Amino acid sequence: MGEVELSCLAYVKMYLHACLFPRCSVNGLLLSSSPAGGAVCVTDCVPLLHTHLPLAPITQLALTQVDVWCAQTQQRIVGYYQANACVSDSSPTPCALKIADKIAEQCNNAVLLMIDGGKMSPDYRVPPIVMYERKDTRWTLKDKHTIMLRQWEETRDIASQLLDSGDHSLLVDFDSHLDDITRDWTNQKLNAKIAELASPANGNV
Amino acid sequence: SVCKFISYSVGVHKMRDKLRKWREDNHRNSEQIVDVGEELINEHASKLGDDIWIIYEQVMIAALDCSRDDLAWTCLQELKRQFPGSQRVKRLAGMRLEALEKYEDASKQYDSILQDDPTNTAARKRKISILKAQGKSAEAIRELNEYLEQFVGDQEAWHELSELYINEHDYGKAAFCLEELMMTNPHNHLYCEQYAEVKYTQGGLENLELSRKYFAQALKLNNRNMRALFGLYMSASHIAACPKVNATVKKANVKYAAWATNQINRAYQLAGRGTKENKCSVKAVEEMLESMQITMS
């Protein structure tokens, strides 16, 4: 199918989400601020859960709220990501497939992204991600060459920097928001920090 | 890091108290424990008296969690020296093997503990943890069920089993585990709320009504449980919107949903004051509640 571009912002937040909860499976939604048609540009992500991923109520709630926020901010939900607690198995779980199916109903070139926990150490040369796309009714592995991550090395360094400085703890997922609703699951603060780190390296993140 | 700041400006006693509190609350804040504990051990060991041994244990486990095998090894040696032949220390040695992913060796270690003491629950639970770490969920579930037949009062084990069942999408059995927990912990709002979530996930009118009841119960036990509040809102809304329900039931659930909406709005208004940080999330909730009201009427 088509090309998928993953922005620095989306990648860094997904990565930090997985790092923040190393003993849990985590998931989230991939967003795009680009219009539909052509390549899928994942420009942002919303980290959702780190507990009870298969349970329905909070997932439904989060999907609804993110939907509303996207409408308010001219974004669309274009995909789903998940990192499994058990690093030896990075294949999509039934709940991942279910949520991805739901997203594909509204977005026909939706992507399902699995973070490969076993390949997340800082000296890995390639992004530790595996992407799936929907062909007929099944999610099939995407050709690596159709996935683009501009300025991968800078992106990877930004993620490492934020981990080292402890700033990854700024990340708020939907679960954390429900524990304390004064915390912002749109992560404006962390977004600003990432933008700050990205700007000297390149002008377009 | 923030922890270094705490270490320098706070006395030895305060550091020791922090570690004790984290122990008592069973906090898994391993990086912090390593930060504080390592300094205490390296620089103030003489001032800790007999506390040092439990601190070695606590720091060792935290060190394993942070891949600090060097520190874990040091703690283990001290404990081995002080308590030769101790089952408790043997178990710690087993945990280190687990952290190094030497699962067969770890299992043998636990088997040797169980040979001397077949009722050693800690060793049995570690063996189940190994199965979990290896992704052998079906076996872990089987072993845990067997364990619970013998040790029926082990809350931690019931909860672990409920989590395993949830991950396997076996909601009926997860609900059973949570029912056990609710029976023995009637004041625990978290168990009520988790039970309600499982029922909601199972779906169907009967389960939805049960879920609504248990979300409400969780709120009675803790009126600040936001998951329970949203859960009440969603389950009541779905019941009210269901074509099968009669007018009385519909009316009652519309009322519950309206009450929940009110509470949610109040909570978010309160949260939205002061910081401009969470304006986006507050706005999203407001609009969501409005839009769902429209679909319900």
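Residues numbered from 1 in each chain as written. Chains lettered and ligands numbered in written order. Predicted model: local features only at pLDDT ≥ 70, side-chain atom pairs only at ≥ 80, totals over all residues. Heavy atoms only, no water.

Novice: Tell me about the overall build of chain B, and name the residues and values.
Specialist: In terms of helices and strands, chain B carries 16 helices and 0 strands. Computed over C-alpha atoms, the radius of gyration of chain B comes to 24 Å, more than 25% over the 19 Å expected from 2.2 N^0.38 for 297 residues, which places it beyond the range of a compact globule. Principal axes of the C-alpha set define a box for chain B whose edges measure 75 × 50 × 30 Å. Taken across its 297 residues, chain B has 44% of its residues classed as buried. Across chain B, contacts joining residues at least 24 apart in sequence account for 49% of those joining residues at least 6 apart. If you sum the accessible surface of chain B, you get close to 16,100 Å²; carbon and sulfur atoms cover 50% of it. Each charge sign in chain B was given a centre, from 41 positive and 42 negative side chains, and these centres are 6 Å apart. (Helix = DSSP H or I, 4+ residues; strand = E, 2+ residues; numbered from the N terminus. Rg over C-alpha atoms; globule rule 2.2 N^0.38 Å. Buried < 20%, exposed > 50% of the residue type's maximum accessible area, 1.4 Å probe, protein only. Contact = heavy atoms within 4.5 Å. Areas by Shrake-Rupley, 256 points an atom, 1.4 Å probe, with all protein chains shown as cover. Lys, Arg positive; Asp, Glu negative; His and termini not counted. Charge placed at Lys NZ, Arg CZ, Asp CG, Glu CD.)

Novice: Mind laying out the interface of chain B and chain A, listing which residues take part and the relevant values?
Specialist: Where the parts come together, the accessible area they lose is often given as the size of the interface. Counting residues at the interface gives 33 residues for chain B, matched by 29 residues for chain A. The contact between chain B and chain A buries some 2,900 Å² in all, and 63% of this surface belongs to carbon and sulfur atoms. Applying the counting rule to chain B against chain A returns 3 salt bridges. Those elements that provide at least two residues to the side of chain B that touches chain A are helix 10 (155-167), helix 12 (189-202), helix 14 (226-241), helix 15 (247-272) and helix 16 (279-296) of chain B. (Buried area = accessible area lost by both parts, 1.4 Å probe. Salt bridge = Lys/Arg side-chain N within 4 Å of Asp/Glu carboxyl O.)

Novice: How would you sum up empty space enclosed by the protein? Please name residues and give values.
Specialist: Residue and element names in this part refer to chain A. Applying the stated criterion across every chain, the model contains 1 cavity of 30 Å³ or more. Taken as a whole, the largest cavity encloses approximately 60 Å³ of empty space. Those elements giving two or more residues to the lining of the largest cavity turn out to be helix 1 (8-20) and helix 4 (152-164). Element by element, the count of residues in the lining of the largest cavity is highest for helix 4, at 4 residues. Of the residues contributing to the lining of the largest cavity, the split by class is 9 nonpolar, 2 polar and 2 charged. (1 Å grid on protein atoms, 1.4 Å probe; cavity = no way out; pocket = protein on both sides within 12 Å on 5 of 7 lines; lining within 4 Å. Points joined across faces, edges and corners; volume = space filled by probe spheres on them. Nonpolar A, V, L, I, M, F, W, Y, C, P; charged D, E, K, R; others polar.)

Novice: Talk me through the UniProt feature "domain: EMC2 TPR-like" (unreviewed entry) in chain B; I want residue IDs and the actual numbers.
Specialist: Per the UniProt record, "domain: EMC2 TPR-like" (unreviewed entry) is annotated on residues 90-199 of chain B. Taken end to end, residues 90-199 of chain B is 81% helix and 0% strand, and its two terminal C-alpha atoms sit 41 Å from one another. (UniProt positions renumbered as here; feature names shortened; annotations may be inferred.)

Novice: With reference to specific residues and values, describe the sheet that holds strand 5 (residues 76-83) of chain A.
Specialist: Two pairing modes exist for strands in a sheet, parallel and antiparallel, and in both the strands are linked by backbone hydrogen bonds. Residues and elements named next belong to chain A. Reading across the sheet, the 6 strands line up as 4-2-5-6-7-8 and stay open at both edges, with mixed pairing between neighbours. The outermost strands of the open sheet, each flanked by one partner alone, are strand 4 (44-49) and strand 8 (138-141). Sheet twist, expressed as the mean angle between neighbouring strand axes with direction ignored, is 30°. With 5 bridges connecting them, strand 2 (residues 26-32) and strand 4 associate as antiparallel partners. Across the sheet, the residue bridging to L31 is D44, located in strand 4. On top of the sheet, helix 1 reaches strand 2, strand 4, strand 5, strand 6 (111-115) and strand 7 (129-135); it is set at about 20° to strand 4, its chief contact. (Pairing = 2+ DSSP bridges. Axes fitted to C-alpha atoms, helices over the stretch in contact; angles between N-to-C directions.)

Novice: If you had to explain the confidence of the model for chain A to someone new, which residues and values would you point to?
Specialist: Here chain A averages 91 in pLDDT, while 97% of its residues score no lower than 70. Mean pLDDT in chain A bottoms out at strand 9 (residues 147-148) of chain A, which sits at 90, and peaks at strand 4 of chain A, which reaches 98. (pLDDT = per-residue confidence, 0-100.)

Novice: Requested: an account of the UniProt feature "repeat: TPR" (unreviewed entry) in chain B, with residues and values cited.
Specialist: The sites that UniProt annotates as "repeat: TPR" (unreviewed entry) are residues 155-188 of chain B. Measuring from the first to the last C-alpha atom of residues 155-188 of chain B gives 12 Å, for a span that is 79% helix and 0% strand.

Novice: Can you lay out the sheet that holds strand 1 (residues 4-6) of chain A for me, pointing to particular residues and giving the numbers?
Specialist: All names here are of chain A. A sheet is described by the order of its strands in space; here 3 strands give the open sequence 3-1-9, paired in parallel fashion. Bordering the open sheet on either side are strand 3 (40-42) and strand 9, each of which pairs with just one other strand. Here strand 1 runs beside strand 9; their pairing, made up of 2 bridges, is parallel. Across the sheet, the residue bridging to V4 is I147, located in strand 9.

Novice: Account for the environment of C95(A), naming residues and giving values.
Specialist: Among the structural elements, C95(A) can be located in helix 3 (residues 94-106). For C95(A), a relative accessible area of 7% translates into the label buried. Considering only alpha carbons, one finds C95(A) and L29(A), 66 residues apart in sequence, at a separation of 13 Å. What C95(A) contacts, discounting residues up to four positions off in sequence, is L53(A), P54(A), Y80(A), Q82(A) and H169(B).

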